[in-house]
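# Fold and geometry: a report
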Amino acid sequence: MIGGGHGLQLSSPPVSAGFRRYPPIVCGLTKQGHRFLSAVSASGEPSAAILLLRKFVAASSKHVTLTTLTHLLSPSTSNPHLSFLAFPLYSMIKHESWFQWNAKLLADLIALLHKEERFDEAEILFTETVLKLGFKERDLCMFYCNLVDSHAKQKSERGVFDSCTKLKQLILLSSSVYVKQRGYESMVARFCEIGLPGEAENLIEEMRENGLKPSLFELKSLVYGYGQKGFLKDMKRIIAQMENEGFELDTVCCNMVLSSFGAHNELLDMLMWLRKMREVGIPFSVRTYNSVLNSCPTIISLLEDTKTLPLSIDELAGNLKTGDEADLVMELLKSNVLDQVMEWKTSELKVDLHGMHLSTAYLILLQWFEEMKRRFDTGVEATTPTEVLVVCGIGKHSSKRGESPVRSLAKEMVMRMKCPLRIDRKNIGCFIGKGKVFREWLCNEDANKKL
């Protein structure tokens, strides 16, 4: 199945149990696809591009061709100047014996054509798709929902409005509760995504008038939408509404709230929200750390020069300029997120920094060193693991592929602390060391001073 195209910003829009976006393609552009796009860029002539395209399709496998098309359709493509190739590429491969018709792929292509103001071609594809689906109401609903989603990803307000108009017509004519619920769900989420939470809330009221009960998904979308725009009073109002209607807040929703407070420098609100989460038992996550720490200006400033970074939590607390920042850090340290990312076995002690922003990796490493020292000193962990492993990654998802800021941070901290961990020769995204040596280093007096 083909699907559409991760610093501090809001968490991704919520995903419901009933209606989900197709998952993003996890396989990146292949080497063959990259060579083809590089050749087209070098040619500089549209006629030469089409000739290269025909040769590419003839010589390429299904996987190579489809990943290239998906790359061109993605709003985050690294080759936006070559997006004009998407339509002719689709036109060629739809006649291949291996090609399977896919409504989601069509929705992505239609949205791209619409964004490029190639409205005639977009309308032709839209009409063909609707005729193909015929009276299959659920399939038609899903296509319209995909189309709304694709336009939202392209940040096309006009496209979202146009496709929502068609989707609403289907909803009004349908007697299916499933079609109505899925349709409203899609429209609410995408209006919030493009920054129109007021319109989304109007749709929720329309749902109620039509006898449909909004789900947690729609209300989470509103929290996201209002928070993204900085309408924090409205965001709090929707949260109160959720709680009054019996919906339980979860970690994902709370992270959206924290991101919204952080994006607008409301550190005290963020602190109160963290305390509320802890009081009612809502677990923190790595994204909770990301959202909070990326909102702490002093920590972000300190990370600009890793050669002078504080190397202990006490030293860090002494460098924080406001009481709110220090209180936020202390509140995070009361959570069990370290236990979530750490694994202690006889053979191996591992801490995994995947998914962490630089500020989170920094605090987790400080927390990890201190916690390991405490456990060794107090005898909580009688067994010394054979090996110690810190997993940083190699920068696959960094802004510059292959350059991992987290690995660079860990390397600088390890060197300055004279920690007996070194980069693994077999996996440069990891730091490794002997367990006994690591324990001795943690427990000696010099190391104690540094920690």
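Just so you know, these numbers come straight off a predicted model, no measurement behind them.

### Some details on the nonpolar core
Counting residues in hydrophobic clusters, the biggest one holds 135 residues, and the most contacted among them are Leu353, Trp368 and Phe438. Ranked by residue count, the leading element in this core is helix α20 (residues 358-378), at 10 residues. Non-local contacts of Leu353, meaning those with residues more than four positions away in its chain, are made with Ala361, Ile364, Leu365, Val390, Val391, Cys392 and Val406.

### What to know about the confidence of the model for the protein
Here the protein averages 87 in pLDDT, and 89% of its residues register 70 or above. Below pLDDT 50 for its whole length, residues 1-27 participates in 77 contacts with residues either more than four positions away or in separate chains. A low-confidence stretch, residues 397-402 (pLDDT under 50), is modelled with 9 contacts involving residues beyond four sequence positions or located in other chains.

### Describing the side chain of Thr298
One can find Thr298 in helix α16 (residues 297-302). The buried category is assigned to Thr298, whose relative accessible area is 7%.

### A look at the UniProt feature "repeat: PPR" (unreviewed entry) in the protein
Feature annotation in UniProt places "repeat: PPR" (unreviewed entry) on residues 180-214, given in this structure's numbering. Counting secondary structure, residues 180-214 comes out at 77% helix and 0% strand; the distance between its end C-alpha atoms is 11 Å.

### Notes on the pairing of strand β5 (residues 430-434)
Along β5, 4 of the 5 residues are buried, which leaves the element largely enclosed by surrounding structure. Note that strand β3 (residues 387-391) and β5 share 5 bridges and pair antiparallel. Across the sheet, residue Val391 finds its bridge partner in β5, namely Cys430. Between strand β4 (residues 422-423) and β5, which pair antiparallel one after the other, the connecting turn spans 6 residues.

### A word on unusual backbone geometry
Excluding glycine, most residues fall at negative phi; most peptide bonds, likewise, are trans. We note that Lys155 has phi near 60 degrees; this positive angle belongs to a residue other than glycine. As for its placement among the helices and strands, Lys155 is situated in the loop between α7 (137-153) and α8 (157-173). In this structure Lys155 comes out as exposed when scored by relative accessible area, which is 58%. The phi angle at Lys418 is positive, at roughly 55 degrees, despite the residue not being glycine. Relative to the elements of secondary structure, Lys418 occurs in the loop between α21 (405-416) and β4.

### Things to note about helix α22 (residues 435-443)
Since there are 3.6 residues in each turn of an α-helix, residues three or four apart along the chain are aligned in direction. When α22 is considered as a whole, its buried residues turn out to be Gly435, Phe438, Trp441 and Leu442. Summarising the axial view, the buried residues of α22 lie within an arc of 130 degrees, below the 170-degree limit, and thus occupy one face. Exposed residues pointing more than 90 degrees away from the buried face of α22 are listed as Lys436 and Glu440.

### Side note on the state of the cysteines
Every disulfide links exactly two cysteines, by a covalent bond between their sulfur atoms. Counted according to the given criterion, the structure contains 0 disulfides. There is no disulfide at Cys145, and the cysteine sulfur nearest it, in Cys141, is 4.0 Å away. Cys145 gets classed as buried once you look at its relative accessible area, which sits at 1%. No disulfide involves Cys253; its nearest neighbouring cysteine sulfur is the one of Cys254, lying 5.8 Å away.

### Some thoughts on the packing of helix α14 (residues 267-280) against helix α15 (residues 286-293)
Remark: α14 packs on α15, axes separated minimally by 11 Å, with the N-to-C direction vectors making an angle of 160 degrees. Considered as vectors, α14 and α15 are oriented roughly antiparallel to each other. Viewed along their axes, α14 and α15 form a crossing whose handedness is left-handed. Contacts between α14 and α15 involve Met270, Leu274 and Met277 on the former and, on the latter, Thr288, Ser291 and Val292. A class-by-class count of the residues in the contact of α14 with α15 yields 4 nonpolar, 2 polar and no charged.

### Section: helix α10 (residues 197-209)
Its 13 residues give α10 an end-to-end C-alpha distance of 19 Å, which sits within 8% of 18 Å, the value for a rise of 1.5 Å per residue. Among the residues of α10, those classed as buried are Pro197, Ala200, Glu201, Leu203, Ile204 and Met207. Looking down the long axis of α10, one finds its buried residues gathered within 155 degrees of arc, a one-sided arrangement. Residues of α10 that are exposed and angled more than 90 degrees away from the buried face: Asn202 and Glu209. Buried positions along α10 lie against α8, α9 (177-193), α11 (216-229) and α12 (232-244). Immediately beyond the C-terminal end of α10, within one or two residues, lies Gly211, with a positive phi of roughly 80 degrees.

### Regarding the pattern of salt bridges
Enumeration over the complete set of coordinates arrives at 26 salt bridges. For Glu331, the salt bridge identified is with Arg278, shortest N-O distance 2.5 Å. Of the two residues, Glu331 sits in helix α18 (residues 323-333) while Arg278 sits in helix α14, which places them 53 residues apart along the sequence. Take Glu331: its relative accessible area is 2%, and that puts it in the buried class.

What counts, and where the lines are drawn
- Residues numbered from 1 in each chain as written.
- Predicted model: local features only at pLDDT ≥ 70, side-chain atom pairs only at ≥ 80, totals over all residues.
- Heavy atoms only, no water.
- Core = buried A, V, L, I, M, F, W, Y, C linked by side-chain atoms within 4.5 Å.
- Buried < 20%, exposed > 50% of the residue type's maximum accessible area, 1.4 Å probe, protein only.
- Helix = DSSP H or I, 4+ residues; strand = E, 2+ residues; numbered from the N terminus.
- Contact = heavy atoms within 4.5 Å.
- pLDDT = per-residue confidence, 0-100.
- UniProt positions renumbered as here; feature names shortened; annotations may be inferred.
- Pairing = 2+ DSSP bridges.
- Arc of directions from axis to C-beta.
- Disulfide = S-S within 2.5 Å.
- Axes fitted to C-alpha atoms, helices over the stretch in contact; angles between N-to-C directions.
- Parallel < 35°, antiparallel > 145°, perpendicular 65-115°, else oblique.
- Left-handed = near helix turned anticlockwise from the far one by under 90°.
- Nonpolar A, V, L, I, M, F, W, Y, C, P; charged D, E, K, R; others polar.
- Expected span 1.5 Å × (residues − 1).
- Salt bridge = Lys/Arg side-chain N within 4 Å of Asp/Glu carboxyl O.

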